[in-house]
Amino acid sequence: MTLRIHNTLTRALEDFSPLEPGHVRMYVCGMTVYDLCHLGHARSMVAFDVVQRWLKASGYRVTYVRNITDIDDKIIKRSLENGETVRGLTDRMIDALHQDADALGIERPTHEPRAMDYVPQMLSMIGTLQDKGLAYQASNGDVNYAVRKFPGYGKLSGKSLDELQAGERVAVDDGKQDPLDFVLWKSAKTSEPDEVKWASPFGAGRPGWHIECSAMSCEMLGQSFDIHGGGADLQFPHHENEIAQSEGANGQKMASVWMHNGFINVDNEKMSKSLGNFFTIRDVLKEFDAETVRFFVVRSHYRSQLNYSDVHLNDARGALKRLYTALGTVTPDAVTIDWAEPHAARFKAAMDEDFGTPEAVAVLFELASEVNRTQSAQTAGLMKALGGVLGLLQDDPKAFAQAGADVDEDAIQAQIAARAAAKAAKNFAEADRIRQALAAEGIVLKDSPTGTTWERG
């Protein structure tokens, strides 16, 4: 079965075939590092982590580029507020990003370019656009893109220029020739630190946001590549502007497939820092273990909207626990996946249909039921191997059962020993009291012929 991907550009599912046989080149817009990553960022990182994992499982070599925006208005503002350098702020936030991504089992991209390191490439592209009549320098020193001179503008968002202009206003002093035009190069401001000012043919200044991704993707993947991804909020204007810049400068199609993941919502509004309704990844990880958060994201289709609440996270935890419980009943064999095996074939069919993780997860539950029924180590091994394709089920079942419990394990073991002593003395009231006290702390005791174990409730 051929992998099919929903292409935002054509609004259709399309058979996927990379430009270079056997090699997929993918660019995904990363974070603007002025603050900690929130759960909406986690959604995008996990979604495209699953994409690149499935591409690799399908036999492709993958070059995965996820950029970092380390020069931006918000970054400059935050650094000045904090009294630290832009580099100091962004280095700190990039370290935090890596810690959060690693916790969620997100594999590092092949390349992670920082915008500041690619200003020469941005200036070169801006110069090409100016030479082609697609860019002009305004009276205020900024260099702007002349949107109406690029015939394909609006093809990604599906909006006409007239529709787009209806929602635009021209600032009195922005120097734009048209309200739709956007900035490529920002003239230096005296209020900004010297570290964000570069010399250029247009005068001292710094790049606009949109040109960063065009220059970095072209430098690292070539003028045309296979997949460009990001959050749905980037479709317009960011990705629309990337197309205008890259295709305007290079004269050829930028990306074959455009992919956009859905939002995480809180009370039916998109989670975002601007709305103040966001939860940082590390705050969520104080309440829920990392694999539960990953499973919460993975079990929904990447293009769907996802509603965040403690109820939904607890439900995800319970569902993932059922899978781990099955793996805890038998030691899984080490299995190399045979994609012709019926369960594996259904898993593959789901993933080949636009990375259909809900159906793929359903296969894992089918396998869990079979493991519970047959106690087959081979079936358990297949279940664990398929889970690994999604970045799931690789932990020890006991470790997962205890994950996230903010308690002293030695204290729990002491309580278990005290309960055993109470039972031996036939003081069953005390034994029940200990069990109930632990349950009130979210610790569930499980008795078996080999002893008593505990897990997080």
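Notes on the structure in this doc start here. Bear in mind the structure is a predicted one, so any value in this text is a computation, not a measurement. (Residues numbered from 1 in each chain as written. Predicted model: local features only at pLDDT ≥ 70, side-chain atom pairs only at ≥ 80, totals over all residues. Heavy atoms only, no water.)

1. Brief notes about empty space enclosed by the protein
(1) Moving on: Tallying each qualifying case throughout the model produces 1 cavity of 30 Å³ or more.
(2) Moving on: Of the pockets and cavities examined, the largest cavity occupies roughly 80 Å³.
(3) Moving on: In this structure, the largest cavity is lined by R43, V46, A47, V50, V297, V298, S300, H301, Y302, F355 and T357.
(4) Moving on: Within the residue set of the lining of the largest cavity, elements represented by two or more residues are helix 1 (39–57) and helix 9 (290–298).
(5) Moving on: Among the elements that take part in the lining of the largest cavity, helix 1 stands out by supplying 4 residues, more than any other. (1 Å grid on protein atoms, 1.4 Å probe; cavity = no way out; pocket = protein on both sides within 12 Å on 5 of 7 lines; lining within 4 Å. Points joined across faces, edges and corners; volume = space filled by probe spheres on them. Helix = DSSP H or I, 4+ residues; strand = E, 2+ residues; numbered from the N terminus.)

2. What to know about the pattern of salt bridges
(1) Moving on: Scanning all chains against the criterion turns up 31 salt bridges.
(2) Moving on: The salt bridge partner of E107 is K56, with a shortest N-O separation of 3.7 Å. Pair noted here: E107 is in the loop between helix 3 (86–103) and helix 4 (119–131) and K56 is in helix 1, with a separation of 51 residues, a long-range link.
(3) Moving on: Since its relative accessible area comes to 31%, E107 is described here as partly exposed.
(4) Moving on: K56 sits in the partly exposed class, given a relative accessible area of 43%.
(5) Moving on: As a salt-bridge pair, R206 and D73 come within 2.4 Å of each other at their nearest N and O atoms. Of the two residues, R206 sits in strand 8 (residues 205–207) while D73 sits in helix 2 (residues 73–82), which places them 133 residues apart along the sequence.
(6) Moving on: With relative accessibility at 3%, the residue R206 sits in the buried group. (Salt bridge = Lys/Arg side-chain N within 4 Å of Asp/Glu carboxyl O. Buried < 20%, exposed > 50% of the residue type's maximum accessible area, 1.4 Å probe, protein only.)

3. Topic: the state of the cysteines
A disulfide bridge is the covalent bond that connects two cysteines by way of their sulfur atoms.
(1) Moving on: The tally for this structure, following the rule as stated, stands at 0 disulfides.
(2) Moving on: No disulfide involves C213; its nearest neighbouring cysteine sulfur is the one of C29, lying 3.7 Å away.
(3) Moving on: Look at C213 and you get buried, because its relative accessible area is 1%. (Disulfide = S-S within 2.5 Å.)

4. Quick word on the environment of V65
(1) Moving on: Among the structural elements, V65 can be located in strand 4 (residues 61–66).
(2) Moving on: In the structure, V65 is positioned 187 residues away from Q252 in sequence and 20 Å away in space, judged by C-alpha atoms.

5. Section: the packing of aromatic side chains
(1) Moving on: Evaluated as defined, the whole model comprises 10 aromatic pairs.
(2) Moving on: Ring plane angle 90° and centroid distance 5.4 Å describe the contact between W54 and W339, whose orientation is recorded as edge-to-face. Of this pair, W54 sits in helix 1 while W339 is found in the loop between helix 10 (310–327) and helix 11 (342–352), placing the two residues 285 residues apart along the sequence.
(3) Moving on: Residue W54 is classed as buried on the basis of its relative accessible area, which comes to 1%.
(4) Moving on: Here Y324 and F400 contribute two aromatic rings whose centre-to-centre distance is 4.4 Å and whose plane-to-plane angle is 20°, an arrangement assigned as stacked. One end of the pair, Y324, is in helix 10; the other, F400, is in helix 14 (residues 397–402), with 76 residues separating them in the sequence.
(5) Moving on: In this structure F400 comes out as buried when scored by relative accessible area, which is 1%. (Phe/Tyr/Trp six-rings, centres within 6.5 Å; stacked < 30°, edge-to-face > 60°.)

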